[in-house]
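Letter by letter, the chains look like this.
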Amino acid sequence: MLLALLLAAAPAGPAEPGLLQLPAGPGLLQLPAGPGLLQTQEAAARVAGGPADDVSRTLRVRNAHWLPQLRGQLSGKEDARSRLGEFRLAPLRENDLASGRGWMVMATWDLSQVLYAREESQLALAHAQLARARKEAEVQAARLWIERRQARGLWNASRRPEACLALLRLTAELDAVTGGLFREALAAEEQACAVTEGEK
């Protein structure tokens, strides 16, 4: 359907080599702009460092120490004795068997960990690393988003196959770093590049 729309929109005159003849105007091939810059950065940060719930993660570590540490112990003992002999000129035969079972359960709390858990130092370091990863992902996403916008403008102006492939590459990178946010735009650009190369 897209190919038929492109062919119907192409002018009948001689075409410049390497150009897909698509005059600008409504109803012709329009590639989706994709998500905005802020939405792109937020998605990239989530993919790189997960959701930013550092405060709640620290609270969960502290609250976990309200739960006691349980220790259990089970013990058993068996004793068997046999006696054979003679006592006061009478035969003696004794078989003694004794068995015992014991168990113990102990619960302990370390309430000092509720105020400052021993895991918080490592958790703070992990939070700093995640924050750095999110920031780097936001910077990378912003750079790719701006480059994609420039490539999209070049594609709209020239309709050259190489311009379409450059736009497709940037969109694919953005889709990867944002976890599939640009999937719809990527599919449309891939189809457009296939049509453009077919008209070459």
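Above: the structure in question.
Remember, predicted model here, so these are calculated numbers, not experimental data. (Residues numbered from 1 in each chain as written. Predicted model: local features only at pLDDT ≥ 70, side-chain atom pairs only at ≥ 80, totals over all residues. Heavy atoms only, no water.)

## Some words on the overall build of the chain
Helices and strands together make up the secondary structure of the chain, namely seven helices and two strands. Reading the chain from its N terminus to its C terminus gives the helix and strand order α-α-α-β-β-α-α-α-α. Of the contacts made within the chain by residues no fewer than 6 positions apart, 70% connect residues no fewer than 24 positions apart. Accessible surface for the chain amounts to roughly 13,700 Å². Of this, 58% is attributable to carbon and sulfur atoms. (Helix = DSSP H or I, 4+ residues; strand = E, 2+ residues; numbered from the N terminus. Contact = heavy atoms within 4.5 Å. Areas by Shrake-Rupley, 256 points an atom, 1.4 Å probe, with all protein chains shown as cover.)

## Comments concerning the state of the cysteines
On inspection of all chains with the given rule, the structure shows one disulfide. Each sulfur of the disulfide joining Cys 164 and Cys 193 lies 2.1 Å from the other. One disulfide, between Cys 164 and Cys 193, carries an S-S torsion of -105 degrees and so falls in the left-handed class. Taken together, the residues span a long stretch of sequence, with Cys 164 in helix α6 (residues 161-177) and Cys 193 in helix α7 (residues 183-198) at a distance of 29 residues. The burial state of Cys 164 is the same as that of Cys 193; both residues are buried. (Disulfide = S-S within 2.5 Å. Buried < 20%, exposed > 50% of the residue type's maximum accessible area, 1.4 Å probe, protein only.)

## Things to note about the nonpolar core
Membership of the largest hydrophobic core comes to 16 residues, with the highest contact counts inside it found for Leu 31, Leu 144, Trp 155, Cys 164, Leu 167, Leu 174 and Ala 192. Listing elements by their share of this core, those giving two or more residues are α5 (120-158), α6 and α7. Per element, the largest residue contribution to this core is seven residues, and it comes from α6. Sequence-distant contacts of Leu 174, that is, excluding residues within four places in its chain, are made with Thr 40, Ala 141, Leu 144, Trp 145, Arg 148 and Phe 182. (Core = buried A, V, L, I, M, F, W, Y, C linked by side-chain atoms within 4.5 Å.)

## A short note on the pattern of salt bridges
Counted by the stated rule, this structure contains seven salt bridges. Of the charged contacts in the structure, one is a salt bridge between Asp 110 and Arg 118, with a shortest N-O distance of 3.5 Å. A relative accessible area of 34% places Asp 110 in the partly exposed class. Using a relative accessible area of 51% as the deciding quantity, one classes Arg 118 as exposed. Arg 183 is the partner of Asp 175 in a salt bridge, and the nearest nitrogen-oxygen pair spans 2.9 Å. The class of Asp 175 is buried, set by a relative accessible area of 7%. (Salt bridge = Lys/Arg side-chain N within 4 Å of Asp/Glu carboxyl O.)

## A closer look at the side chain of His 127
By the element assignment, His 127 lies in helix α5. Those residues in contact with His 127, other than ones at most four positions away along the chain, are Asp 54, Arg 57 and Thr 58.

## Side note on a nonpolar patch on the surface
Residues Leu 70, Leu 74, Trp 103 and Val 105 make up a contiguous nonpolar surface patch of about 560 Å² in total accessible area. Of all elements in the fold, only β1 (69-87) and β2 (90-108) reach the threshold of two or more residues within the nonpolar patch. Positionally, Leu 74 belongs in strand β1. On the basis of relative accessible area, Leu 74 is assigned to the exposed category, the value being 70%. (Patch = residues over 30% accessible without salt bridge, like charges linked within 9 Å, V, L, I, M, F, W, Y side chains within 5 Å.)

## Things to note about the environment of Leu 59
If you trace the backbone, Leu 59 turns up in helix α3 (residues 54-63). Spatially, the C-alpha atom of Leu 59 lies 9.1 Å from that of Val 114, the residues being 55 residues apart in sequence.

## Focus on the packing of helix α2 (residues 37-49) against α5
Two numbers describe a pair of packed helices, the interaxial angle and the distance between the axes. Relative to each other, α2 and α5 sit at 140 degrees, their axes nearing to 8 Å. With respect to α5, the element α2 is oriented oblique. Helix-helix and strand crossings are classified by hand; for α2 and α5 the assignment is right-handed. Across the interface between the two elements, Leu 37, Thr 40, Gln 41, Ala 44, Ala 45, Ala 48 and Gly 49 from α2 touch Leu 130, Ala 133, Arg 134, Ala 137, Glu 138, Ala 141, Ala 142 and Trp 145 from α5. Taken together, the residues of the contact of α2 with α5 sort by class into 10 nonpolar, three polar and two charged. (Axes fitted to C-alpha atoms, helices over the stretch in contact; angles between N-to-C directions. Parallel < 35°, antiparallel > 145°, perpendicular 65-115°, else oblique. Left-handed = near helix turned anticlockwise from the far one by under 90°. Nonpolar A, V, L, I, M, F, W, Y, C, P; charged D, E, K, R; others polar.)

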